[in-house]
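# Analysis of the macromolecular model
Here is how the chains run, residue by residue.
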Amino acid sequence: IRSTGKYTYYLGQTVPFDDLVEAIDQLKPDAVVSSFITSINENKLQSYINDLVTIPKHKPNIYLGGMQIENLGQNLPEGVKKINSSGILLDI
């Protein structure tokens, strides 16, 4: 993403959800990109994603990837795009 000239913020691997919401509302990014690779309860992951879509006041495009997202299949809320390849990130 940076290589395309876009400004990025790296927030780290273990950002508490409330801090992520605060960052989204303060920074007002065009997109939020995250990858879920470690095992997580499917219901908790689905709840997290639903909250990520609904709680922040600012509504960026959301791009998610990783094995846990693959395991959800097509159960992503509207406005969330699955990262199937690195090419989708170049379109952000």
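Our subject is the structure listed above.
These notes cover the structure that comes with them. (Residues numbered from 1 in each chain as written. Predicted model: local features only at pLDDT ≥ 70, side-chain atom pairs only at ≥ 80, totals over all residues. Heavy atoms only, no water.)

### Notes on the nonpolar core
Soluble globular proteins tend to pack their nonpolar side chains together in the buried interior. To be explicit about the condition: As used here, the term nonpolar core means buried Ala, Val, Leu, Ile, Met, Phe, Trp, Tyr and Cys residues forming a set that is joined through side-chain atoms within 4.5 Å. For every residue, the accessible area obtained with a 1.4 Å probe (protein chains only) is divided by the maximum for its type, and the residue is called buried under 20%, exposed over 50%, and partly exposed between those limits. Note on conventions: DSSP H or I runs of at least 4 residues are helices, E runs of at least 2 residues are strands, and numbering of each starts at the N terminus. Whether two residues are in contact is decided by their heavy atoms: any pair within 4.5 Å suffices.
Counting residues in each nonpolar core, the largest one holds 15 residues, and the members touching the most others are Ile-49, Leu-64 and Ile-69. Counting only elements with at least two residues in this core, the list comes to helix H1 (17-27), helix H2 (42-54), strand S2 (61-65) and helix H3 (67-72). Of all the elements, H1 adds the most residues to this core, at four residues. Other than its neighbours up to four places away in sequence, Ile-49 contacts Leu-64, Ile-69, Leu-72, Leu-76, Pro-77 and Val-80. Ala-31, Tyr-63, Ile-83 and Leu-89 belong to the second-largest nonpolar core, a separate cluster that totals five residues.

### A short note on the sheet that holds strand S3 (residues 80-82)
Here is the rule: A strand pair is defined by DSSP finding two or more bridges across the two strands. Here an angle of 0 to 180 degrees is reported between the N-to-C directions of two axes, which are lines fitted to C-alpha atoms, with helices fitted over the stretch in contact.
Strand order in the open sheet formed by three strands is S1-S2-S3, with parallel pairing between adjacent strands. Each end of this open sheet is capped by a strand with a single partner; those strands are strand S1 (31-35) and S3. Across this sheet, the average inter-strand angle for adjacent strands is 20°, counted without regard to direction.

### Section: the pairing of S1
Note that S1 and S2 share five bridges and pair parallel. Counted as the bridge partner of Ser-34 is Leu-64 from S2.

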